[in-house]
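Structure assessment
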Amino acid sequence: MRIVHLLASPFWSGPAENVALLALAQREAGHEVTVAVDRRRTEVAAEEPAVPRFEALGLLDVGGLELSVKSPPWVVWRDLRRLRARSVDVVHSHFTHDHLVARWGRPRGAVLIRSVHAPRSLRASLPSADAYTVPASSVITRLLGRRVRVLPPLVDPRFRPAGDREALRRELGLTGAPLVGMVSTFQASRRHTLGVEAFARLRRTQAGARLVLVGDGERVEPVRQQVRSLGLEESVTFAGYQQGEAFVRWLQALDEVWVLGLGNDWSARAAAQARACGVRVVAVGEGNLPALADVLVEEPTPEAVATASESGARALVAHPSNARIAEDVLALYEQARTER
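A brief report on the enclosed structure follows. (Residues numbered from 1 in each chain as written. Predicted model: local features only at pLDDT ≥ 70, side-chain atom pairs only at ≥ 80, totals over all residues. Heavy atoms only, no water.)

A few words now on the nonpolar core. One finds F199, V212, L251, V257, W258, V259 and L289 to be the most contacted residues of the largest nonpolar core, which totals 57 residues. Here this core gets six residues from one element, more than from any other, and that element is helix α6 (residues 192-205). Ignoring sequence-local partners within four residues, the contact set of V259 consists of A271, V281, V282, A283, V284 and L289. Within the second largest apolar cluster, 32 residues are counted, among which are A20, L21, V35 and V329. (Core = buried A, V, L, I, M, F, W, Y, C linked by side-chain atoms within 4.5 Å. Buried < 20%, exposed > 50% of the residue type's maximum accessible area, 1.4 Å probe, protein only. Helix = DSSP H or I, 4+ residues; strand = E, 2+ residues; numbered from the N terminus. Contact = heavy atoms within 4.5 Å.)

Once that is clear, we can look at the environment of W74. Summarising the element assignment, W74 is placed in helix α3 (residues 73-84). Judged by relative accessible area, which is 65%, W74 ranks as exposed.

Across the junction of A177 and P178, the peptide omega takes the value -5°, indicating a cis bond. Look at L67: it is not a glycine, yet its phi comes out positive at around 50°. Within the element layout of this structure, L67 appears in the loop between α2 (50-56) and α3. Backbone geometry places A268, a non-glycine residue, at a positive phi of 65°. You can see A268 is positioned in the loop between β10 (256-259) and α9 (269-276).

Applying the stated criterion across every chain yields a total of three aromatic pairs. Seen in terms of ring centroids, W12 and F54 are 5.3 Å apart; in terms of plane orientation they differ by 70°. Their pairing is edge-to-face. Of the two residues, W12 sits in the loop between β1 (2-7) and α1 (16-28) while F54 sits in helix α2, which places them 42 residues apart along the sequence. Grouping residues by exposure puts W12 and F54 together as buried. Here the guanidinium or amino end of R103 rests over the ring plane of W104, the centre of that ring lying 4.1 Å away. Above the ring of F238, the side-chain terminus of R224 is found at 4.3 Å from the ring centroid. (Phe/Tyr/Trp six-rings, centres within 6.5 Å; stacked < 30°, edge-to-face > 60°. Lys NZ or Arg CZ within 6 Å of the ring centre and 35° of its normal.)

Along the chain, R190 turns up in the loop between β7 (179-183) and α6. At 7.7 Å, E286 is the nearest oppositely charged side chain to R190, a buried residue that forms no salt bridge. Each residue touching R190, except ones within four places of it in the same chain, is listed here: M182, S184, T185, L260, G261, L262 and G263. (Lys, Arg positive; Asp, Glu negative; His and termini not counted. Salt bridge = Lys/Arg side-chain N within 4 Å of Asp/Glu carboxyl O.)

Structure follows, in structure tokens:
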């Protein structure tokens, strides 16, 4: 099949990595796949740009689509015409702007797949499509009567257990046990404040514990102030924003990851990455986390998080391979093409 993914973002964040891994797995299965991204917003200093990443993977679409929410109407019209002139079998759209372009620019004979990455996108105005993907099984009931599959997070092969975790910890300057981490942007929905409060309680029974906070964002300083107010400066490490191999190394060094809230992508990719590294996952019951957590927190309170961490339980959930996930999505494409 000839497949084009539409991803109207200039950033290598949110669903971008998952889309890239899906496209790679589809290509490895023998299909012709490209990914069109926002080509208008070239200055993305605050985040890693997507274009170089997709280009390096050989996935960057060169069909002339600007695909940007910042495009003026005449450029959007040009994108519609250029997409309509393409010879493809599947258009897989991922963001709201993509849905608009795909709705009016779908090439003749192509099937249209829409991915829903967060429940807030499921509203009465959701554009129609031949099939849908959603980030968690709990969302399926809101699309009854339509072709739909769960699209779980795909995991880069670099995420695997460390060969020598103790040596890695020494290299990173990490001491203490257990090493508990939170790996996400500092924003209210990720509940870092809750994490620090829970860690303070955990220290009452596990005095050697260390909390490692990987990421940046608008709430870094408020969390720093909270750490100081609780007298935890010596047992909390702010690792800052990490990417690529550096991010993998920080994740591999941990004993446990707390995922206490989700952002724009409800597939819970960080939890899947942690599991691939052999790291225990303690999580709240949001999005796809129930399918990935070793221990679910019954309610988001400091007491509940600390208790879940102390339990030591492991669920040993088997996560499907990238090839298996791609196979399932390709089967959805084929079903849509057959029944259209």
